[in-house]
Amino acid sequence: IRVLNEDYNRMNADSVNLRSEFLPYAGKANIQFKLAEFDPQGNPTNGITRTQTSTTSFMDMMGMLSGDMSSMEKVKSTANGGIDPWNQSRYLNIWVCNMAVNLMGMEMPMLLGYATPPANLPNWPAGSTANMSDGVVIQYQVFGSNNPNPFDMGLGTPYNVKGRTATHEVGHYLGLRHVWGDGDCSQDDGIADTPNAADQSQQDCDNTKNTCTDNIGGVDLPDMIENFMDYSAEDCQNTFTAQQVDLMRSVLEDHRFDLINNNPALSITKVDMLNASMYPNPANGSVTITTDKHISGTIVVIDLNGKEVLSQNVNGVESTLNITSLSNGVYQVVIVGANGASNTLKLVKL
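Here the residue index of a chain counts from 1 through its sequence in written order. Note on the predicted model: pLDDT of at least 70 is required for a residue's local features to be given, and 80 or more for side-chain atom pairs to be given and counted; whole-chain, interface and lining totals, by contrast, use all residues. Each side-chain value is worked out from all heavy atoms of the structure, with water and hydrogens disregarded.

K.L.:
So what's going on with the overall build of the chain? Which residues, and what values?
P.N.:
Numbering goes from the N terminus for both helices and strands, where a helix is a DSSP run of H or I of at least four residues and a strand is a run of E of at least two. What the chain contains, in helices and strands, is six helices and 12 strands. For the radius of gyration, the atoms used are the C-alpha atoms, and the globule rule reads 2.2 Å times the number of residues raised to 0.38. Against the compact-globule benchmark of 20 Å for 350 residues, the chain has a radius of gyration of 22 Å, which places it among compact chains. Once the C-alpha set of the chain is aligned to its principal axes, its extents read approximately 70 × 55 × 40 Å. Accessible area is worked out with a 1.4 Å probe on protein chains only. A residue is then buried under 20% of its type maximum, exposed over 50%, and partly exposed in between. Evaluated residue by residue, the chain yields a buried proportion of 47% over its 350 residues. Here the analysis covers contacts within the chain between residues at least 6 apart in sequence; of these, 60% occur between residues at least 24 apart. Calculation of accessible area relied on Shrake-Rupley with a 1.4 Å probe; when residues are assessed, cover is drawn exclusively from the protein chains displayed. Carbon and sulfur atoms form 50% of the exposed surface of the chain, whose accessible area is close to 16,800 Å². Here a residue-residue contact requires only that any non-hydrogen atoms of the pair lie within 4.5 Å.

Dropping the structure here:
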């Protein structure tokens with residue numbers, strides 16, 4: 001939890017190691033993680049459960065190679081040796097288990113972790129979460145920053161565990177893809193301010209690589225090994241970009257709305273909710289937004305990639321927003337008053 005809060009709020013001490021060419025693109029997510037205070041039955045809890053199981057590993061190597069995650073998914077099922085999730089709309093469930101196979105007497109972890117993004121995000125291929133239960137799964141040796149279990153990737157090379165497997169996998173859970181787009185230079189992660197890369201980093205910190213030609217702010221930037229969504233060594237990961245942050249926050253305000261709004265699991269209630277309505281919707285020219293109280297603030301329109309595409313100051317209880325410049329599609333309209341009261345509406349532009 002400490003590492004997640006440091007990394008997602010750019011409070012990690014090694015953020016100073018970000019190369020200067022990437023400083024204009026560094027993002028601070030302002031997302032806070034905490035252990036659940038109440039279980040689904042309303043009982044006080046610290047959010048941690050421990051499950052004894054006879055299953056020695058939740059890894060099926062042939063299944064993983066074929067894309068069949070059903071063996072690993074058993075960790076999310078009490079009936080199959082794991083444990084059922086808590087309400088997945090109210091809790092970020094993280095399972096810690098063994099996903100290693102035995103090769104000639106040596107335990108070889110096949111995955112450090114995996115996670116489920118919300119279904120149907122535009123930057124993910126269709127079917128990315130097929131037959132997978134929502135949440136994050138992490139190999140036990142790389143969980144936390146003070147893990148007592150030695151880990152060397154099976155190649156005799158020590159692996160410096162700093163707890164960032166969780167940072168990486170929670171990034172997936174909040175909608176981020178790998179920075180190399182899981183392909184070559186022709187593939188993309190859907191984020192404009194992350195440089196393309198021909199392939200993943202190999203658990204190293206090679207800052208000499210510039211494997212793809214791209215144009216970000218008029219510059220062909222090198223591969224961003226500092227990005228939490230690469231496969232670089234945890235020693236050199238230290239940053240999300242601003243547009244990665246935009247996408248994650250958009251996912252929290254839309255697809256994972258119940259995690260952060262009126263969530264009894266975290267004793268969260270929104271004490272100053274702004275009631276708002278918008279018409280017509282769908283629309284193609286302009287929309288009128290009305291609120292239940294006078295506000296002096298802003299209206300921001302965000303696309304499905306988390307990018308701000310329109311902004312307008314508002315003062316009163318009714319405002320007209322011209323949307324003719326927007327492409328057809330679905331957007332979030334965020335209304336924020338001067339006192340911090342806010343509401344998010346969904347807009348369909350025709």
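K.L.:
Let's hear about the state of the cysteines: which residues, and what values?
P.N.:
When two cysteine sulfur atoms are found within 2.5 Å, that pair is recorded as a disulfide. One pass over the full model with this rule turns up two disulfides. Each sulfur of the disulfide joining Cys 185 and Cys 212 lies 1.9 Å from the other. Disulfide Cys 185-Cys 212: the torsion about the S-S bond is -90°, which places it as left-handed. Here Cys 212 lies in the loop between α4 (164-173) and β7 (240-241) and Cys 185 lies in the loop between α4 and β7, a separation of 27 residues in the sequence. Judged by its relative accessible area of 33%, Cys 185 is partly exposed. With a sulfur-sulfur separation of 2.4 Å, Cys 205 is cross-linked through a disulfide to Cys 236. Handedness here is read from the sign of the S-S torsion; for Cys 205 and Cys 236, about -95°, the answer is left-handed. A residue pair is termed long-range when its members are at least 10 positions apart, and Cys 205 in the loop between α4 and β7 and Cys 236 in the loop between α4 and β7 qualify at 31 residues. Its relative accessible area of 11% is what places Cys 236 among the buried residues.

K.L.:
Tell me about the pairing of strand β6 (residues 136-139), residues and numbers included.
P.N.:
Here β6 shows two buried faces, one formed by Val 136 and Ile 138 and the other by Val 137 and Gln 139. Sheet analysis places strand β2 (residues 94-97) next to β6, joined by four bridges and oriented parallel. Bridged to Ile 94 within β6 is Val 136. In this sheet, β6 lies alongside strand β5 (residues 113-115) in antiparallel orientation, the contact comprising three bridges. Of the residues in β6, the one forming a bridge with Ala 115 is Val 136. Strands qualify as paired when DSSP identifies two bridges or more between them.

K.L.:
Please set out α4 residue by residue, giving values where relevant.
P.N.:
By the criterion of burial, α4 is predominantly enclosed, with 10 of the 10 residues buried. Regarding α4, the residues found buried are Arg 164, Thr 165, Ala 166, Thr 167, His 168, Glu 169, Val 170, Gly 171, His 172 and Tyr 173. Residues of α4 that are buried sit in contact with α1 (2-8), β5, β6, β7, α5 (242-253) and α6 (257-260). Remark: Gly 175 follows α4 within two positions and exhibits a positive phi of approximately 105°.

K.L.:
I'd like to hear about the nonpolar core, residue by residue, with values.
P.N.:
To form a nonpolar core, buried Ala, Val, Leu, Ile, Met, Phe, Trp, Tyr and Cys residues must be joined to one another through side-chain atoms within 4.5 Å. In terms of nonpolar packing, the biggest core is built from 33 residues, with Tyr 8, Ile 31, Leu 174, Phe 240 and Met 248 touching the most fellow members. Among the elements of the structure, α1, β6, α4 and α5 are those that each provide at least two residues to this core. With five residues, the top contributor of residues to this core is α5. Apart from the residues within four sequence positions on either side, Phe 240 is in contact with Asp 7, Tyr 8, Tyr 25, Ala 26, Gly 27, Thr 167, Leu 176, Asn 227, Phe 228, Met 229, Val 245 and Met 248. Listed in part, the 19 residues of the second largest apolar core include Leu 274, Met 278, Ala 283 and Val 287.

K.L.:
If you had to explain the side chain of Thr 116 to someone new, which residues and values would you point to?
P.N.:
Positionally, Thr 116 belongs in the loop between β5 and β6. We define a polar contact as two N or O atoms separated by no more than 3.5 Å, with the added condition that, inside protein, one atom must be a possible hydrogen donor and the other a possible acceptor, whereas residues neighbouring each other in sequence contribute only through side-chain atom pairs. Polar contacts involving the side chain of Thr 116 include one to the main-chain amide nitrogen of Gly 135, which spans 2.8 Å. Each residue touching Thr 116, except ones within four places of it in the same chain, is listed here: Lys 76, Thr 129, Met 132, Ser 133, Asp 134, Gly 135, His 172, Tyr 173 and Arg 256.

K.L.:
Describe unusual backbone geometry, with residues and values.
P.N.:
Residue Pro 280 follows Tyr 279 across a cis peptide bond; omega there is -10°. Within the secondary structure, Pro 280 sits in the loop between β8 (276-279) and β9 (286-302). For the peptide bond that leads from Asn 281 to Pro 282, omega is 10°, which places it in the cis range. Positionally, Pro 282 belongs in the loop between β8 and β9. With phi around 55°, Asp 182 is a residue other than glycine that occupies positive phi space. Structurally, Asp 182 can be placed in the loop between α4 and β7. Backbone geometry places Gln 203, a non-glycine residue, at a positive phi of 55°. Residue position: Gln 203 is located in the loop between α4 and β7.

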